[in-house]
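# Coordinates in review
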Amino acid sequence: MTKKRLPFYFSIDFEDFHHDSLRALNVRDPQSKSEAMRESYKKIKELSKKYFNSKKMTFFVTGVLAEKMPELIREIHDDGHEIGCHYNFHDNINKTNRQEFAFNLDEAIRKIFNAINTKPVGFRAPNFAIDSHNNWAYEELSKRF
């Protein structure tokens with residue numbers, strides 16, 4: 001009897017909370033915790049090997065992270081994982097307008113492409129913050145993904 005194999009889907013919002021928190025406090029050009037991000041990925045790799053047989057995952061990253069740490073995003077991609085788009089900043093989309101959303105979405109796609117030489121094909125809104133008042137966001141997403 002052949003055992004049916006179930007598909008494996010696992011994604012991670014891989015973001016720099018330190019940077020995002022400082023930015024939320026209106027700190028201009030906040031620094032990233034680069035070493036903490038590298039250590040986080042190292043730990044994820046260890047856990048993936050131990051519990052998931054090193055299966056491939058999707059990492060949703062912000063454009064800012066791809067710009068500030070392209071070598072880390074490239075390493076994740078080169079390890080065979082998918083890099084998805086998590087917007088340019090970790091801002092709630094329901095607190096922006098269509099023009100700002102389109103601009104920041106294009107910025108994120110450009111920065112991710114610059115890091116991995118591949119356009120991301122997936123998107124996840126930060127904090128899942130698209131609501132019924134932001135249906136225009138789906139129209140903008142459909143133009144890009």
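Residues numbered from 1 in each chain as written. Predicted model: local features only at pLDDT ≥ 70, side-chain atom pairs only at ≥ 80, totals over all residues. Heavy atoms only, no water.

### Some words on the environment of A125
Inspection of the secondary structure assignment puts A125 in the loop between helix 5 (98-116) and helix 6 (136-144). The spacing of A125 and C85 is 40 residues in sequence and 8.4 Å in space, taken between C-alpha atoms. Those residues in contact with A125 that lie beyond four places of it in its chain are H86, I93 and I130. (Helix = DSSP H or I, 4+ residues; strand = E, 2+ residues; numbered from the N terminus. Contact = heavy atoms within 4.5 Å.)

### Examining helix 6
Because the α-helix completes a turn every 3.6 residues, residues three or four places apart line up on one side. W136, A137, E140, L141 and R144 are the residues of helix 6 that are buried. Looking down the long axis of helix 6, one finds its buried residues gathered within 140° of arc, a one-sided arrangement. On its buried face, helix 6 sits against helix 5. (Buried < 20%, exposed > 50% of the residue type's maximum accessible area, 1.4 Å probe, protein only. Arc of directions from axis to C-beta.)

### Examining the environment of N97
Structurally, N97 is set in the loop between strand 3 (82-85) and helix 5. Side-chain polar atoms of N97 contact the backbone nitrogen of Q99, separated by 3.0 Å. (Polar contact = N/O pair within 3.5 Å; in protein donor to acceptor, adjacent residues only side chain to side chain.)

### A word on helix 2 (residues 34-52)
Across its 19 residues, helix 2 extends 26 Å between first and last C-alpha, which sits within 8% of the 27 Å expected from 1.5 Å per residue. Those residues of helix 2 not exposed but buried are M37, Y41, I44 and S48. All buried residues of helix 2 fall inside an arc of 60° around its axis, so they share one side. Residues of helix 2 that are exposed and point over 90 degrees away from its buried face: K49 and K50. For helix 2, the secondary structure elements touched by its buried residues are strand 1 (11-13), strand 2 (58-61), helix 3 (63-68) and helix 4 (70-78). Backbone geometry just downstream of helix 2 places N53 in the positive-phi region, at approximately 55°. (Expected span 1.5 Å × (residues − 1).)

### Quick word on the pairing of strand 2
Burial of the side chains of strand 2 extends over both faces: T58 and F60 are buried on one face and F59 and V61 on the other. By the bridge criterion, three bridges tie strand 1 to strand 2 in an arrangement that is parallel. Among the inter-strand pairings, I12 is bridged to a residue of strand 2, identified as F59. (Pairing = 2+ DSSP bridges.)

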